[in-house]
Amino acid sequence: MILQITLALLLAIIGPLGVDIHLSSLPKMMADLHTHQDSIEQSVTLYLLASGISMLIYGPIADVVGRKKTIITGLVFASICNLLVITSSNLETFLCLRFLQGFGGGVSWCLARVIFADLLKDEKLAIWGSYCALTTNLSPMVAPMIGAYIQYFYGWRVTFVFLGTFIALVAILFSILFKETLAPENRQSLNIKEQFNGFKTILTNTIFLCTVIIGALIQSCVILYVTLSPFIFQIELNVSALYYVHLTFMIGLFSVMSKIITPSLIKRLEMGKTCLLGFVILSISGMFLCSTVIINKVSVTTMTTGIGIAYLSGSMILSTIMAIALSLFSKNKGKATALYSASQLIISFCITSAISSIPIKSSTALAFSYLVIAYIGSIIFISTVNKKLRRQLKRT
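Now for a look at the structure at hand. (Residues numbered from 1 in each chain as written. Predicted model: local features only at pLDDT ≥ 70, side-chain atom pairs only at ≥ 80, totals over all residues. Heavy atoms only, no water.)

1. With respect to a nonpolar patch on the surface
Nonpolar side chains collect at one region of the surface, where Leu-3, Leu-169, Ile-172, Leu-173, Ile-176 and Leu-177 lie side by side and expose about 540 Å² of accessible area between them. Broken down by element, the nonpolar patch gets its largest block of residues, 5 residues, from helix H9 (residues 157–177). Here Leu-3 is to be found in helix H1 (residues 2–20). According to the relative accessible area criterion, Leu-3 is partly exposed, its value standing at 44%. (Patch = residues over 30% accessible without salt bridge, like charges linked within 9 Å, V, L, I, M, F, W, Y side chains within 5 Å. Areas by Shrake-Rupley, 256 points an atom, 1.4 Å probe, with all protein chains shown as cover. Salt bridge = Lys/Arg side-chain N within 4 Å of Asp/Glu carboxyl O. Helix = DSSP H or I, 4+ residues; strand = E, 2+ residues; numbered from the N terminus. Buried < 20%, exposed > 50% of the residue type's maximum accessible area, 1.4 Å probe, protein only.)

In structure tokens:
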């Protein structure tokens, strides 16, 4: 099981790596492709949208043909699309390839979670989900730095060649070492009616839908940071690309801290209280950032501190929410994980696109978004999901 989990962790890195590795290059890419900030930001949002859509395909397929074949197919496609970026000479071609990269890379967002759900459940799933998040957190910490240095020495297109090569190596490892985790008794047929009934069962579960909304809101916090931070730091606050990646690394340390302490918090406080603590911390971050915007004290220090505080909350909320969502179903884990992950990315894509289109400073948009998201998410959690957790505790 350790080997399976290790491979799942390696798979889980690919999705966020596809977003993070070119973040420090966005301003340079904007200049080279002769476009504007809102256009180049689509490099992130289109990748995430395609990933979300693809999960709705990968999940059901993985329940029929198994995890291994589905993963290898998606990774090979993603690798090819990344390598083709070297040929892109205009914005349209580049964004088209980014969409296709996301479609292939979506297999990593979806099926890494499915593998964990196959092997673990309930609190063990939440705890290992936090460890998984700790591993994937290496991406926002290290990937922008790798991308910045590749851009400095070789140009930003070579960044995608590096990524495509890495994905190809992961595909080879899965083909050689991975053992199928889908139990024979849980394998589904291609019967359309059975597939429809499976989706219907999942989509009519109120608790599941609430976890999706909460997860999407928190995911939006991450995507907003990913999309806006290069312009906040490099344009509004006039820092260099290399200095920006070091700031990103520092912010990532807050996330690492969260992922280290979350398993202990779940064991001591149980999942509901851990999630509520996460919402409190996110609210504090939003209030702090909003106050700096209102009094016109936005600086590298205040932005790094405020965003770092927000990142402390991420694992506390997402690990708990994911464990609750994926523990609701036994025979439709592929579909449930696909719907959970896809809905998160698609909803967060819509939220991020809407906020990014508002003609205000990126720092202002980020600050007030964090506060509003914390407020809405906590209300949904307290009124629905937390009640379910309390009922489960009373039964046990």
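Having seen the model, we can carry on.
2. Re the pattern of salt bridges
Scanning the entire structure with this criterion turns up 2 salt bridges. Of the charged contacts, one joins Lys-28 and Asp-32 as a salt bridge, the two residues approaching to 3.4 Å between their closest N and O atoms. Here the residue Lys-28 and the residue Asp-32 both occupy positions in helix H2 (residues 26–32), the gap between them amounting to 4 residues, near one helical turn. A residue is classified by how much of its surface remains accessible, and Lys-28, at 40% relative accessible area, is partly exposed.

3. Describing H1
For H1, spanning 19 residues, the distance from its first C-alpha to its last is 27 Å, which sits close to the expected 27 Å at 1.5 Å a residue. Counting buried positions over the 19 residues of H1 gives 15, a clear majority of the element. (Expected span 1.5 Å × (residues − 1).)

4. Here's the deal with empty space enclosed by the protein
Using the criterion set out here, one finds 2 cavities of 30 Å³ or more in the structure. When its volume is computed, the second largest cavity comes out at roughly 30 Å³. Lining the second largest cavity are Met-55, Trp-109, Arg-113, Gln-219, Ser-341, Gln-344 and Leu-345. If you tally residues by element for the lining of the second largest cavity, the top one is helix H15 (residues 333–356), at 3 residues. Within the lining of the second largest cavity, the residues separate by chemical class into 3 nonpolar, 3 polar and 1 charged. (1 Å grid on protein atoms, 1.4 Å probe; cavity = no way out; pocket = protein on both sides within 12 Å on 5 of 7 lines; lining within 4 Å. Points joined across faces, edges and corners; volume = space filled by probe spheres on them. Nonpolar A, V, L, I, M, F, W, Y, C, P; charged D, E, K, R; others polar.)

5. Notes on the side chain of Ser-363
Among the structural elements, Ser-363 can be located in helix H16 (residues 362–395). Setting aside chain neighbours within four positions, we find Ser-363 in contact with Ile-232, Glu-236, Val-293, Val-298 and Met-303. (Contact = heavy atoms within 4.5 Å.)

6. Description of unusual backbone geometry
The backbone of Asn-238 shows a phi angle near 55°, a positive value even though the residue is not glycine. Looking at where Asn-238 falls in the secondary structure, it is placed in the loop between helix H11 (206–236) and helix H12 (241–269). Although it is not a glycine, Asn-296 adopts a positive phi angle of roughly 60°. Considering the arrangement of structural elements, one finds Asn-296 in the loop between helix H13 (271–294) and helix H14 (300–326).

7. A short note on the nonpolar core
Residues Phe-233 and Ile-307 are the most contacted members of the largest nonpolar core, which totals 112 residues. The biggest single contributor to this core is H11, with 16 residues. Excluding its chain neighbours within four sequence positions, the residues that come into contact with Ile-307 are Tyr-225, Phe-233, Ile-251, Leu-289, Leu-366 and Tyr-370. With 5 residues, the next largest nonpolar core counts Ile-281, Ile-309, Leu-312 and Met-316 among its residues. (Core = buried A, V, L, I, M, F, W, Y, C linked by side-chain atoms within 4.5 Å.)

8. Thoughts on the packing of H11 against H14
Two numbers describe how H11 lies on H14: the axes approach to 10 Å, and their chain directions differ by 155°. Classified by the angle their axes make, H11 and H14 are roughly antiparallel. Handedness of the crossing formed by H11 with H14: left-handed. Contacts between H11 and H14 involve Ile-207, Phe-208, Thr-211, Ile-214, Gly-215, Ile-218, Gln-219, Val-222, Tyr-225, Ile-232 and Phe-233 on the former and, on the latter, Val-300, Met-303, Thr-304, Ile-307, Tyr-311, Ile-317, Leu-318, Ile-321, Ile-324 and Ala-325. Its residues assigned to classes, the contact of H11 with H14 shows 17 nonpolar, 4 polar and no charged. (Axes fitted to C-alpha atoms, helices over the stretch in contact; angles between N-to-C directions. Parallel < 35°, antiparallel > 145°, perpendicular 65-115°, else oblique. Left-handed = near helix turned anticlockwise from the far one by under 90°.)

9. Digging into the side chain of Ser-348
Relative to the helices and strands, Ser-348 is located in helix H15. Among the polar contacts listed, one links the side chain of Ser-348 to the backbone oxygen of Gln-344, at a separation of 2.6 Å. Apart from the residues within four sequence positions on either side, Ser-348 is in contact with Ala-216, Gln-219, Ser-220 and Ile-223. (Polar contact = N/O pair within 3.5 Å; in protein donor to acceptor, adjacent residues only side chain to side chain.)

10. A short note on the environment of Val-293
Position of Val-293 among the secondary structure elements: in helix H13. Val-293 sits 23 residues away from Glu-270 along the chain, and the two C-alpha atoms are 36 Å apart. Once you skip the residues sitting within four places of it in the chain, Val-293 turns out to touch Val-298, Ser-363, Thr-364, Ala-367 and Phe-368.

11. Considerations on the packing of H11 against H12
Two elements in contact, H11 and H12, have axes whose closest approach is 10 Å; the angle formed by their N-to-C orientations is 130°. Classified by the interaxial angle, the pair formed by H11 and H12 is oblique. In this structure, the crossing between H11 and H12 has a hand that is right-handed. Residues Tyr-225, Ser-229, Pro-230, Phe-233 and Gln-234 of H11 touch H12, and the partners they reach there are Ala-241, Tyr-244, Leu-247, Thr-248 and Ile-251. In the contact of H11 with H12, the residues fall into 7 nonpolar, 3 polar and no charged.

12. Considerations on the environment of Ser-88
Among the secondary structure elements, Ser-88 is positioned in the loop between helix H5 (67–83) and helix H6 (91–119). For Ser-88, a relative accessible area of 3% translates into the label buried. Sequence separation between Ser-88 and Arg-157 is 69 residues; the distance between their C-alpha atoms is 8.4 Å. Residues contacting Ser-88, with those up to four places away along its chain left out, are Thr-93, Phe-94, Leu-97, Trp-156 and Arg-157. For Ser-88, the side chain forms a polar contact with the main-chain oxygen of Val-85, separated by 2.7 Å.

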